[in-house]
Amino acid sequence: MNSHSPQAIDVLIIGAGPSGSALAIDLVRRGLDVRIVDRSPHAFDGSRAKGIQPRSLEVLEDLGALDDVLVGGGIYPKLGIHAGPIGVPWKMFPHKEATPDVPYPNTWLIPQFRTDRALHARLGELGREVEFGKELTELTQDEDTVVAKVVGAGGVEEIVARYAVGADGGSSAVRKQLDIGFAGTTDESDRVLIVDASVSGLARNRWHMWPGLGGKFIGACPLPDSDMFQWMIRLTPDEKPPQEIGAIIDRIHSHTRNRHIQLHEIHWKSVFRPNIRLAKHYGRGRVFLVGDAAHVHTPAGAQGLNTGMQDGYNLGWKLGQVLAGAGPALLATYEAERQPIAAGVLGLSTEKWGGIAKLDPSSMKRGKDEQQLALTYYGGPLAPADGDSGDAGTLHVGDRAPDARLLGADGAETRLFHLFQGPHFTAIAYGTGAARDLELLDWPTTGAQLKRITVGSAAGDGRAFSDPKNTLRSAYGLTGDTLLLIRPDGYIGHIATRDFLTTTQAAVRAMTPQARSRTMSQQSHASPGSGATE
């Protein structure tokens, strides 16, 4: 690089949808120097992806955007099937009550523009704005930096960054610049016209479905906090999509036989082709792909936006750690952990998909995974299946860390997720033996810090909690002294039921910057036996 080149920022994010915006929030709260650019002149204004799964609600809570999302949405209405003259109500998603381990059990209905707005508002609170109207035209990289050429109203700008992330959708310019294959299928004959419109003459307490012969159907889902419905009109193979509002109304009337329905204004429309595609790699060198740039989905099951936001959430802390001096091998775990999840969601098996020999996607589903609570990184590089020095019964390393309700030393109830909230790791020592060793655990001074909490031990400080209703004990399957390390993205990084210090220190080394000069030997004295239970 010549001496006149601009100062390198830490991370450039290209694309300001949910995946890029969630990543930007996470990086900014880590104190990193971040820019986020988007080629659109303004924020996206369509409903497109409208379901936020329980796991994503937990991510949004950690990122500080949940309240805004809850205000802008609602639970899914019952389905109303119009078969002949009568509508048949039927719940598509059974309504579940919150429990101590799953605080947000229901999928949340909210149009994508509203989710984007909530994330951008949170980014604004942190002092960053999305730079709209800036399009990537060229991307090059060397050993140390990435150089992006971006064109906007002010002309061409060269942005130098230590890392770059393409969050720029299914037709990603970043992916094309990296020349990464995007194999899969697009069914050109199967098209759905999606229309956001202000509507009267239709009850808003139902997600309406009008089935038809030969797979023809029309659906209309009320969008919360508005007078709009999202219409889904399946087009016949040779049909030209109706464009004008009058033609769209005629198409709806002829199918539904209901002339009371009126559309007053169309806010957004798009023709959707079922795409199933997965990037062969999730990055190259210092550039990574998240969200639709890495995987595109059919709209069934509301998975694409959720999988994408969680890509960003997985990558964020790893970028922060490597920028703080952790080994670059940590960044290779991003693809290894996230690619099989997308493959599983897309219904691709290892056999069909030569690129994913590392982990079998079907093995990553445990129980009902649509809500993305059961997704696990167990068996991956940071959670080797043979590496459990202890097994907390119901949970493995790499699983989602459940919530729990604890009592503080002052007698006030607090949620475990409130203790997790923020860019840090959390260590939970359950029992006095684990608490004693947690005091001795060595933690690097750079990168994400460690919050230490003890449960059920006599330690008399502000970090001591009790579990009177056994919500932690039962959610984590604890039987005796246990030391748990929780990653910044809310997955279990290590479980120790014996040799707390030695095994935990080894797990820590894989995820943190290490001072090369200091030996670990001073920390490796024998740890007290952990047979004691409370």
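Conventions used here
- Residues numbered from 1 in each chain as written.
- Predicted model: local features only at pLDDT ≥ 70, side-chain atom pairs only at ≥ 80, totals over all residues.
- Heavy atoms only, no water.
- Pairing = 2+ DSSP bridges.
- Helix = DSSP H or I, 4+ residues; strand = E, 2+ residues; numbered from the N terminus.
- 1 Å grid on protein atoms, 1.4 Å probe; cavity = no way out; pocket = protein on both sides within 12 Å on 5 of 7 lines; lining within 4 Å.
- Points joined across faces, edges and corners; volume = space filled by probe spheres on them.
- Nonpolar A, V, L, I, M, F, W, Y, C, P; charged D, E, K, R; others polar.
- pLDDT = per-residue confidence, 0-100.
- Contact = heavy atoms within 4.5 Å.
- Expected span 1.5 Å × (residues − 1).
- Buried < 20%, exposed > 50% of the residue type's maximum accessible area, 1.4 Å probe, protein only.
- Axes fitted to C-alpha atoms, helices over the stretch in contact; angles between N-to-C directions.
- Parallel < 35°, antiparallel > 145°, perpendicular 65-115°, else oblique.
- Left-handed = near helix turned anticlockwise from the far one by under 90°.

**Q** Summarise the pairing of strand 14 (residues 206–211); cite the residues concerned and give the values.
**A** Bridge count for strand 5 (residues 78–83) against strand 14 is four bridges, and the pairing is parallel. Within the sheet, the bridge partner assigned to Gly80 lies in strand 14 and is His208. Here four bridges tie strand 14 to strand 15 (residues 217–222), and the two strands are oriented antiparallel to one another. Of the residues in strand 15, the one forming a bridge with Met209 is Gly219.

**Q** Explain empty space enclosed by the protein residue by residue, including any values.
**A** Within this structure, the stated rule accounts for two cavities of 30 Å³ or more. The calculated volume of the largest cavity comes to roughly 160 Å³. Among the elements of the structure, helix 2 (54–63) and helix 9 (416–420) are those that each provide at least two residues to the lining of the largest cavity. With four residues, helix 2 is the largest single contributor of residues to the lining of the largest cavity. Residues of the lining of the largest cavity, tallied by class, amount to six nonpolar, five polar and six charged.

**Q** I'd like to hear about the confidence of the model for the chain, residue by residue, with values.
**A** Per-residue pLDDT for the chain has a mean of 86; in total, 85% of the residues score no lower than 70. Note that pLDDT drops below 50 for residues 349–368; the model gives that stretch 41 contacts with residues more than four away or on any other chain. When the criterion is pLDDT under 50, residues 516–534 qualifies, and its contacts beyond four places in sequence or with other chains add up to 28 contacts.

**Q** Could you give me a rundown of helix 1 (residues 18–29), with the residues and numbers involved?
**A** The terminal C-alpha atoms of helix 1, which comprises 12 residues, lie 17 Å apart, in line with the 16 Å expected from a rise of 1.5 Å per residue. Taken across its 12 residues, helix 1 has 12 buried, putting it largely inside the fold. For helix 1, the full list of buried residues reads Pro18, Ser19, Gly20, Ser21, Ala22, Leu23, Ala24, Ile25, Asp26, Leu27, Val28 and Arg29. Where helix 1 is buried, its residues touch strand 1 (9–14), strand 2 (34–38), helix 2, helix 4 (112–125), strand 11 (155–166) and helix 7 (304–323). Immediately downstream of helix 1, the backbone of Gly31 shows phi near 80°, a positive value.

**Q** Quick rundown of the packing of helix 2 against helix 7? Include the residues and the values.
**A** Two numbers describe how helix 2 lies on helix 7: the axes approach to 10 Å, and their chain directions differ by 40°. As far as their axial angle goes, helix 7 and helix 2 are oblique. Judged by the sense of rotation from one axis to the other, the crossing of helix 2 with helix 7 is left-handed. Counted together, Arg55, Ser56, Val59, Leu60, Asp62 and Leu63 of helix 2 and Asn306, Met309, Gln310 and Tyr313 of helix 7 form the full contact between these two elements. For the contact of helix 2 with helix 7, the per-class residue count stands at five nonpolar, three polar and two charged.

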